[in-house]
Amino acid sequence: MQKNSYLDYKEIIAETVETALAEPGLAKEAIYALLEYPPDDKLGDLALPCFQLSKLLKKAPNLIAQELAGKIDPAPYFAAVKATGPYLNFYVEPVPLVKAVLDSILTYGSNYGSRSIGGGQNIVIDFSAPNIAKPFHVGHLCSTVIGNSLYKIFEFLGYNCVGINHLGDWGTQFGKLITAYKKWGSAEAVEEGLIKELMRLYVKFHTEAEQDPALEDEAREWFRKIENGDEEALTLWRWFKEISLEEFQRVYDMLEITFDSMAGESFYNDKIGAVVKELQEKQLLVESDGAAIVNLDDYGMPPCLILKKDGSTLYATRDIAAALYRKKTYQFVKALYVTGAAQSLHFKQWFKVMELMGCDWAKDLVHIPFGLVSLKGEKLSTRTGRVVLLEDLLKTAIEKTLAIINEKNPNLVQKEEVAQVVGVGAVVFGALSVNRIKDVTFSWEEALSFEGETGPYLQYTHARACSILRKAGVSPETMATFTPEKLHEPAELRVVKTMYLFPEKVLSAAHEYEPSIISRYLIELAQNFNGFYHECQVLVDDQDLQQARLVLVWAVKTILATGLGLLGIKAPEQM
Ligand code: ARG
């Protein structure tokens, strides 16, 4: 990966202010962290609040701002440096900005915004992880798309990501399923109904077990058989798993998501013994009602359950075994776990257990929680019980998009492909468009609209930029040179300033594990670009102006495609 460096005004300001400050001053890094983008561009493009300096220098912040304004020479990067109350405001000089930003994008192309800070170190991302014999429902959508996006973001920053699908393919539920299958199922019915039949059996088990608690014992017995390698039990379990994986694969194909490892919970079955032994040796395991637990009273948490009374393992046990295995196998610098916020306590508990086991790297385990997804007007979708299947949701999105295309642009070539990319993109963007911890209500009208803050809007803006470039007969070679002085309209500068921010946004999205920083940024870029397109004509008589504007269009198109790519969304050239 090439070593990219981008124009960084914060860096320039931090250096200038550090020099301008007399002793005792503030270090460059500290100044850097204080810099803000003012909410109103009348207040400049960047601002240094002087409150913290005021404490240090024992001087009024207004006075510090004034003194610094007097000392700092704005040239060549700034047109002016002014004090406004306690703030020191910097006004960017357009030409160097336009030149640096557009040159960067022309040079790096689809790598604009990437960095090599990861240095090839490994980050393990545990995401998606649907449960075998249960439907792949909308709740798993967030884990899948957030995890996939984080994967792309960290790769873009020079890390080597390992995507793991920690399939829920182990646990007492399989004992229940086998019990139910033996009592009320048949091979034909399962072949015919697939996951839906497995679901029916599972639900039936629960209703029947309410009347007949002995069924629970039977189920436990079957799960024990699975854990002990009983051939009949294992064969059934494998079969159920195959059926489920086939369905999951159809969804991953639609989303074009792949994993580096499909090692699910069952993979750790033969690694549990060592974990239990280690916990015993470290005297962390205590007996409680016949079960083995790690007491977490001192940390204000309920105990972490390691072994049940009958010796069978639990979700947390398998997570601990998996973390130890992954550390050994991948030497990760971070291990991310993308699941719903409902599992926050589970992760806190077993992370603490790892810490108590003396794993100093327990601090590198990060839970990435997200809120609930619900559907508005869900009767439009096929339902299995109370859940909406992700596969049905994606298919509906594609169908609806095709209908929109047929109405708006019936002669579009490769309509089906475009409908696929736009329909899927709408769903993915819908899940990534707000802060992940917020609950999302997915509505068809909103998600599929070409005008709102949606995936299709971004894709449409990208396609529009492509069409402008196509009409102008632009090719990568003709994009090499331009005259930055030509771009000075407010609408043009707004776009350039937004493009300047892209590398920084990618970094923040990684630091905060928050793909929505990129999705919101792209909306702003697209809105500013559409504003520019509305106000400034691109194809004009002045050849230098036209060339500069075409470079700007090219640059926007490039960032839109890169940014959408980081969200796991494709950007078609026509739609
Ligand atoms: N299968 C689990 C679920 O559907 C998610 C697994 C998440 N990963 C993990 N290592 N615990 O809730």
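The coordinates are above.
First, a word on scope: everything that follows refers to the structure included in this document. Just so it is clear, the model here is predicted, and its values are computed rather than measured. (Residues numbered from 1 in each chain as written. Predicted model: local features only at pLDDT ≥ 70, side-chain atom pairs only at ≥ 80, totals over all residues. Heavy atoms only, no water.)

### Observations concerning the nonpolar core
Argument step 1. Counting residues in each nonpolar core, the largest one holds 162 residues, and the members touching the most others are L48, L68 and M499.
Argument step 2. A total of 13 residues in this core trace back to one element, the largest contributor, which is helix α21 (residues 543-567).
Argument step 3. Setting aside its immediate chain neighbours within four residues, L48 contacts V17, I31, L34, L35, L53, L68, P86, Y87 and L88.
Argument step 4. Within the second largest apolar cluster, 37 residues are counted, among which are V124, L284, L285 and L307. (Core = buried A, V, L, I, M, F, W, Y, C linked by side-chain atoms within 4.5 Å. Buried < 20%, exposed > 50% of the residue type's maximum accessible area, 1.4 Å probe, protein only. Helix = DSSP H or I, 4+ residues; strand = E, 2+ residues; numbered from the N terminus. Contact = heavy atoms within 4.5 Å.)

### Looking at the packing of aromatic side chains
Argument step 1. Tallied over the full model, the rule gives 33 aromatic pairs.
Argument step 2. Aromatic side chains Y9 and Y500 sit 5.1 Å apart centroid to centroid with 45 degrees between the ring planes, which places their arrangement in the tilted category. Of this pair, Y9 sits in helix α1 (residues 9-20) while Y500 sits in helix α18 (residues 490-500), placing them 491 residues apart in sequence.
Argument step 3. In this structure Y500 comes out as buried when scored by relative accessible area, which is 8%.
Argument step 4. Each ring, one from F267 and one from Y268, has its centre 5.0 Å from the other, and the planes form 85 degrees; the classification is edge-to-face. (Phe/Tyr/Trp six-rings, centres within 6.5 Å; stacked < 30°, edge-to-face > 60°.)

### Brief notes about the site of the ligand
Argument step 1. What surrounds the ligand is the set D126, A129, N131, H140, H166, Y315, D319, Y337, T339, Q343 and F347.
Argument step 2. For the ligand, a nitrogen atom lies 2.8 Å from a polar atom in the backbone of A129.
Argument step 3. The contact in question runs from a nitrogen atom of the ligand to an N or O atom on the side chain of Y315, over 2.8 Å.
Argument step 4. Starting from 350 Å² of accessible surface for the ligand in isolation, the protein chains cover 89%.
Argument step 5. If you list the elements that add at least two residues to the shell around the ligand, you get α12 (315-330) and β9 (334-340).
Argument step 6. Looking at the shell around the ligand, its residues break down into 4 nonpolar, 5 polar and 2 charged. (Near = heavy atom within 4 Å. Polar contact = N/O pair within 3.5 Å; in protein donor to acceptor, adjacent residues only side chain to side chain. Areas by Shrake-Rupley, 256 points an atom, 1.4 Å probe, with all protein chains shown as cover. Nonpolar A, V, L, I, M, F, W, Y, C, P; charged D, E, K, R; others polar.)

### Some points on the pairing of strand β6 (residues 285-288)
Argument step 1. In this sheet, strand β7 (residues 291-294) lies alongside β6 in antiparallel orientation, the contact comprising 4 bridges. Each residue of the ladder has a partner; that of S288, found in β7, is A291.
Argument step 2. A loop of 2 residues connects β6 with β7, the two strands running antiparallel in sequence, and D289 in this loop sits at a positive phi of about 55 degrees. (Pairing = 2+ DSSP bridges.)

### Brief notes about the pattern of salt bridges
Argument step 1. Within the structure shown, the criterion is met by 25 salt bridges.
Argument step 2. Residues E15 and K28 are paired through a salt bridge, measuring 3.4 Å at the closest nitrogen-oxygen approach. Here E15, found in helix α1, pairs with K28, found in helix α2 (residues 28-34); they are 13 residues apart in sequence, far enough to count as distant.
Argument step 3. What makes E15 partly exposed here is its relative accessible area of 40%.
Argument step 4. Its salt-bridge partner being E355, residue K352 comes within 3.2 Å of it at the nearest N-O pair. Residue K352 and its partner E355 are located together in helix α13 (residues 344-356), separated by 3 residues, close to a single helical turn. (Salt bridge = Lys/Arg side-chain N within 4 Å of Asp/Glu carboxyl O.)

### Structural notes on the sheet that holds β9
Argument step 1. Spatially, the 4 strands line up as an open sheet ordered β5-β4-β9-β10, and their pairing is parallel. Two strands in the sheet have a free side with no partner beyond their single neighbour: β5 (160-164) and β10 (365-370). Each strand axis lies, on average, 20 degrees off the axis of its neighbour in the sheet, ignoring direction.
Argument step 2. Along the sheet, α12 contacts β4 (122-126), β5 and β9; its crossing angle with β4, the most-contacted strand, is approximately 155 degrees.
Argument step 3. Its contacts with the sheet place α13 against β9 and β10, and it is angled at close to 175 degrees to β10. (Axes fitted to C-alpha atoms, helices over the stretch in contact; angles between N-to-C directions.)

### Structural notes on the packing of helix α19 (residues 502-511) against helix α20 (residues 516-535)
Argument step 1. Relative to each other, α19 and α20 sit at 155 degrees, their axes nearing to 8 Å. What the angle tells us is that α19 and α20 run roughly antiparallel. Taken together, the residues of α20 that come into contact with α19 (itself represented by F502, K505, V506, S508 and A509) are I517, I518 and Y521.
Argument step 2. Across the contact of α19 with α20, the residue classes tally to 6 nonpolar, 1 polar and 1 charged. (Parallel < 35°, antiparallel > 145°, perpendicular 65-115°, else oblique.)

### Re helix α5 (residues 94-108)
Argument step 1. For α5, spanning 15 residues, the distance from its first C-alpha to its last is 21 Å, which sits close to the expected 21 Å at 1.5 Å a residue.
Argument step 2. Of the positions making up α5, those classed as buried are L97, V98, V101, L102, S104, I105 and Y108. What you see down the axis of α5 is that its buried residues fit within an arc of 150 degrees, all on one side.
Argument step 3. Against the buried residues of α5 lie α1, β3 (87-92), α18 and α21.
Argument step 4. Where α5 terminates, the next one or two residues include G109, which has phi positive at roughly 55 degrees. (Expected span 1.5 Å × (residues − 1). Arc of directions from axis to C-beta.)

### As for the state of the cysteines
Argument step 1. The tally for this structure, following the rule as stated, stands at 0 disulfides.
Argument step 2. The structure places no disulfide on C142, whose sulfur is separated from the nearest cysteine sulfur, that of C161, by 20 Å.
Argument step 3. Here C304 stays unpaired: no disulfide links it, and the sulfur of C359, its closest cysteine neighbor, is 13 Å away. (Disulfide = S-S within 2.5 Å.)

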